[in-house]
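Architecture at a glance
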Amino acid sequence: MGERHIPFDGPHQAGVLAPPAAQGWFAAFDLTKGATPARVKELLRTWTRDARLMTTGRAPSGDDSMALGHGPSSLTITVGFGASFLRSLGAPVPGPLEPLPVFPRDRLDARRGDGDIGVLLTADDAVVAAHALRALVRTARGTADVRWQMKGFNAIEGVTVKRGTTPRNLMGQVDGTGSPRPDDPGFDASVFAGPESDPAWMRGGSYLVFRRIRMLLDEWDVLPRVRQEQVIGRRKDTGAPLSGGTEFTAFDLGRQRADGGLAIGPGAHVRQASAAANSGAVILRKGFSYFDGYRADGTPDAGLLFLAFQSDPRNAFTRIQQRLALADELSRFIVHESSALFAVPPGVTHPAAYLGQSLVEAL
Ligand code: HEM
């Protein structure tokens, strides 16, 4: 498993389309006071070079040997820019990167949100993720410092018993079934900024919404299983829709039960989050569970690091979340605690190119 390698180079940064990884680490950086565009350019060039090495299992110069012999372990390193980054470099902020609105029920901790630069690291080995993060932080010294960092985990092939199993989240639900697939019609237009879109430096890139969502697990646990299934609109064991069929059967939102009620109720998460309920809004979800111990009140500090990639959050994440915050039955069992939005530029396709090059070279 340690030998698995996900190519760093490509039209899109690898973390967007990579399959689920066992580890998902996220670090947000703020530019150091006085960091010049020239320093930022140098940082992006160095990060690109080092990411290319580490994602093939090679060590960058001055390495600490932390992951020596571990292999690439499916490492991906994906870099995005926050609105504050563009403002400090004097570049215009694209419309899709305008701050997300405050949603009803949000309980956001500003110290663990936003940031100038966001880096998503995914890998099948925690040592490999930790090593890569340390290497990036070390080279950033003097130009950018860590603002906040979080990490989560997932089940992956080779760990779960059956191959191709959709992972479960900490509420015990099969999570990821309804996420769009690259061969779905309209996938690219939903996920990536198009070839004609503005600004030009984002063409082929994607906008990433990050939310740390705590699950109120003790309250969830006392809900009878049948109610838990109604809250989501899918069965807990197989993930099949309550309108019938198996996990990947399309759900039938009009289907009625014998008693006349809707099989997938009006407040069910999948109904409220569906493209049909949100004028066609589609997001590419990527989730990592986190379990950071127990809070002072004895409840688990656990939940989902929720990531969503899309071509424009204003008519994707924001539209869906505005509806979920009010109408989704699941919203009683979760708390959004951190939020960030980053413009993830396209990938690199030439050995001399670096991430964000067309943005920073136009400054
Ligand atoms: C802790 C918070 C959340 C949990 C536990 C959760 C859980 C689930 C589960 C179990 C499903 C059904 C299986 C699947 O398709 O993956 C689902 C579907 C979905 N969720 Fe969530 N979710 C959460 C937050 C969110 C948020 C914040 C959004 C977006 C704003 C969202 C958007 C969606 C969408 C778009 C679907 C697919 C609906 C469809 O099939 O059309 N979810 N979620």
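Above this text sits the structure in question.
Now for a quick tour of the structure.

1. Comments concerning the site of the ligand
The immediate surroundings of the ligand are formed by 27 residues, with Gln173, Gly178, Ala273, Ser274 and Gln321 found nearest. Broken down by secondary-structure element, the contributors of at least two residues to the shell around the ligand are strand E5 (206-215), helix H8 (269-273), strand E7 (300-310) and helix H9 (317-327). For the shell around the ligand, the element with the most residues is H9, which contributes 4 residues.

2. Some remarks on the pairing of strand E1 (residues 23-31)
The buried count for E1 comes to 8 of 9 residues, which makes it a mostly enclosed element. In the sheet, E1 pairs with strand E3 (residues 117-123) via 7 bridges, with the strands oriented antiparallel. Looking at E3, one finds that tryptophan 25 is bridged to leucine 121. With 9 bridges connecting them, E1 and strand E4 (residues 144-153) associate as antiparallel partners. Its bridge partner lying in E4, leucine 31 is registered against alanine 144.

3. Description of the nonpolar core
Ranked by size, the top nonpolar core spans 88 residues in total, and within it Ile117, Val119, Leu121, Ala132, Leu208, Ile283 and Ala308 carry the most contacts. The greatest single-element share of this core, amounting to 7 residues, is contributed by E7. If we skip the residues at most four places from it in the chain, isoleucine 283 touches Ala308, Phe309, Gln310, Ala316, Phe317 and Ile320.

4. Some words on the environment of lysine 151
Topologically, lysine 151 is positioned in strand E4. On the basis of neighbour counts, which here come to 18 C-beta atoms within 10 Å, the residue lysine 151 falls in the partly exposed class. Between the alpha carbons of lysine 151 and glutamine 23 there is a distance of 7.3 Å; along the sequence they are 128 residues apart. Leave out the neighbours within four places in its chain, and lysine 151 touches Gln23, Gly24, Trp25 and Tyr290.

The rules behind these values
Numbering of residues starts from 1 in every chain and runs along the sequence as written. Given that the model is predicted, a residue must reach a pLDDT of at least 70 before its local features are reported, and side-chain atom pairs must reach 80 or more before they are shown or counted; all residues, however, enter totals for whole chains, interfaces and linings. As a rule, any residue with its backbone-derived C-beta atom within 6 Å of a molecule or strand is reported as near that molecule or strand. Strands are runs of DSSP state E lasting at least two residues, helices are runs of H or I lasting at least four, and both sets are numbered from the N terminus onward. Three exposure classes are used, based on other C-beta atoms lying within 10 Å of a residue's own C-beta, which is placed from the backbone: buried for 20 or more, exposed for 12 or fewer, and partly exposed in between. A strand pair is defined by DSSP finding two or more bridges across the two strands. Each nonpolar core consists of buried Ala, Val, Leu, Ile, Met, Phe, Trp, Tyr and Cys residues. Their C-beta atoms, within 7 Å, join them into a set. Any two residues are considered in contact once their C-beta atoms, placed from the backbone, lie within 7 Å.

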